[in-house]
Amino acid sequence: MTPWWHPEQVAKRRPFLDVRRAAVKAVRAFFQAEGFLEVDTPALQVSGGVERHIRQFRTHLTEPFGQGRQELFLHTSPEFAMKKLLAGGLGKIAQTTRVYRDGERGPLHHPEFTMTEWYRAGLDYESMMSDAATLVQKIARAAQRTLKHDGYLHWQGRS
């Protein structure tokens, strides 16, 4: 079996990597054009979160100079840290980051994946829905996926 990092295997994956690069670029361009501040919150958290259906990866931080060891969790979403920034007065923030979820693996799931999360303080849910629809359209165009006449993005027989 040829390893995933073999040049032949990497060459097969290159088109997908190019699409991903275009999609991430479109995400950042959308939020920059809309005046969002891009933030980068820590992946290590003191709490694993409150979602009972999501399992977190646990790790330990060994403090220097024999100060002990602390249990920490890899974030399953940047939500909590971003909401702290909202509470601190930042009203328009976005982040594209790696997140980690234990127990999730399948054809469309991997325990480590990229998530985009954003907040606009003071707007209603319809404005957020509009953001999401516009963002998906921009990603689809950047990834050279055509939107059908019905306005939906279609992939592997799904809309």
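Below or above, wherever it landed, is the structure these notes cover.

Rules and cut-offs
Note on numbering: residues in each chain are counted from 1, in written sequence order. Confidence filtering applies because this is a predicted model: local features only for residues at pLDDT of at least 70, side-chain atom pairs given and counted only at 80 or more, and all residues used for totals across whole chains, interfaces and linings. Where side-chain values are given, they derive from all heavy atoms of the structure, hydrogens and water being excluded. Comment: elements are numbered from the N terminus, with helices defined as DSSP H or I runs of at least four residues and strands as E runs of at least two. Exposure is judged per residue with a 1.4 Å probe applied to protein chains only, and the accessible area is read against the type maximum: over 50% gives exposed, under 20% gives buried, and values in between give partly exposed. The axes are straight lines fitted to the C-alpha atoms, using for helices just the contacting stretch, and the angles between their N-to-C directions are given from 0 to 180°. Working definition: roughly parallel below 35 degrees, roughly antiparallel above 145 degrees, roughly perpendicular at 65 to 115 degrees, and oblique for all remaining angles. Handedness of a helix crossing follows the sense of rotation of the near helix relative to the far helix, less than a right angle counterclockwise being left-handed and clockwise being right-handed. Whether two residues are in contact is decided by their heavy atoms, any of which lying within 4.5 Å being enough. Each residue gets one label: Ala, Val, Leu, Ile, Met, Phe, Trp, Tyr, Cys and Pro are nonpolar, Asp, Glu, Lys and Arg are charged, and the others, such as Gly, are polar. For a helix, the expected span equals 1.5 Å multiplied by the number of residues minus one. Ring geometry is summarised as follows: Phe, Tyr and Trp rings, the Trp one being its six-membered ring, pair when their centres sit within 6.5 Å, and such pairs are stacked at plane angles under 30 degrees, edge-to-face over 60 and tilted between the two. The rule is short: NZ of Lys or CZ of Arg within 6 Å of the ring centre and within 35 degrees of the ring normal puts a charge over the ring. Whether two strands pair comes down to DSSP finding at least two bridges between them. As used here, the term nonpolar core means buried Ala, Val, Leu, Ile, Met, Phe, Trp, Tyr and Cys residues forming a set that is joined through side-chain atoms within 4.5 Å.

## Observations regarding the overall build of the protein
Then, number 1: When helices and strands are tallied, the protein shows 3 helices and 6 strands.
Then, number 2: Reading the protein from its N end, one meets helices and strands in the order α-β-β-β-β-α-β-β-α.
Then, number 3: If you line up the protein on its principal axes, its C-alpha atoms span 60 × 55 × 30 Å.
Then, number 4: Here the protein holds 159 residues, and the buried ones make up 25% of them.

## What about the packing of helix α1 (residues 7-33) against helix α3 (residues 125-142)?
Then, number 1: α3 packs onto α1 with a crossing angle of 140° between their chain directions and a minimal axis gap of 8 Å. Put simply, α1 runs oblique to α3. In the packing of α1 onto α3, the handedness of the crossing is right-handed. Residues A22, A23, A26, V27, F30 and F31 of α1 pack against D131, T134, L135, K138, I139 and A142 of α3.
Then, number 2: Residue composition of the contact of α1 with α3, by class: 9 nonpolar, 1 polar and 2 charged.

## A closer look at α1
Then, number 1: For α1, with 27 residues, the first-to-last C-alpha span of 37 Å sits near the 39 Å given by 1.5 Å per residue.
Then, number 2: Where α1 is concerned, the buried positions are A23, V24, A26, V27, F30 and F31.
Then, number 3: Positive phi shows up at G35, right after α1, with a value of about 80°.

## Thoughts on the packing of aromatic side chains
Then, number 1: With the rule as written, the count across this model stands at 3 aromatic pairs.
Then, number 2: Summarising the aromatic geometry, the rings of F31 and F36 are spaced 4.9 Å apart at their centres and angled 75° between planes, so their arrangement reads as edge-to-face. Here the two residues F31 and F36 agree in accessibility, since each one is buried.
Then, number 3: Overall, the relative accessible area of 5% leaves F31 in the buried class.
Then, number 4: We note K92 situated over the ring of F36; from NZ or CZ to the ring centre the distance is 5.5 Å.

## Some points on the environment of F30
Then, number 1: Positionally, F30 belongs in helix α1.
Then, number 2: Placed 104 residues apart in sequence, F30 and T134 show a C-alpha to C-alpha distance of 8.7 Å.
Then, number 3: Ignoring any residue separated from it by four or fewer positions in sequence, one finds F30 in contact with D131, T134, L135 and K138.

## Re the pairing of strand β5 (residues 92-100)
Then, number 1: Sheet topology note: the strand β1 (residues 37-38)/β5 ladder contains 2 bridges and is parallel. Along β5, the bridge assignment pairs L37 with I93.
Then, number 2: Note that β5 and strand β6 (residues 112-120) share 9 bridges and pair antiparallel. Each residue of the ladder has a partner; that of I93, found in β6, is Y119.

## Considerations on the nonpolar core
Then, number 1: Within the largest apolar cluster, 7 residues are counted, these being V27, F30, F31, F36, A94, W118 and L135.
Then, number 2: Considering each element in turn, this core owes the most residues, 3 residues, to α1.

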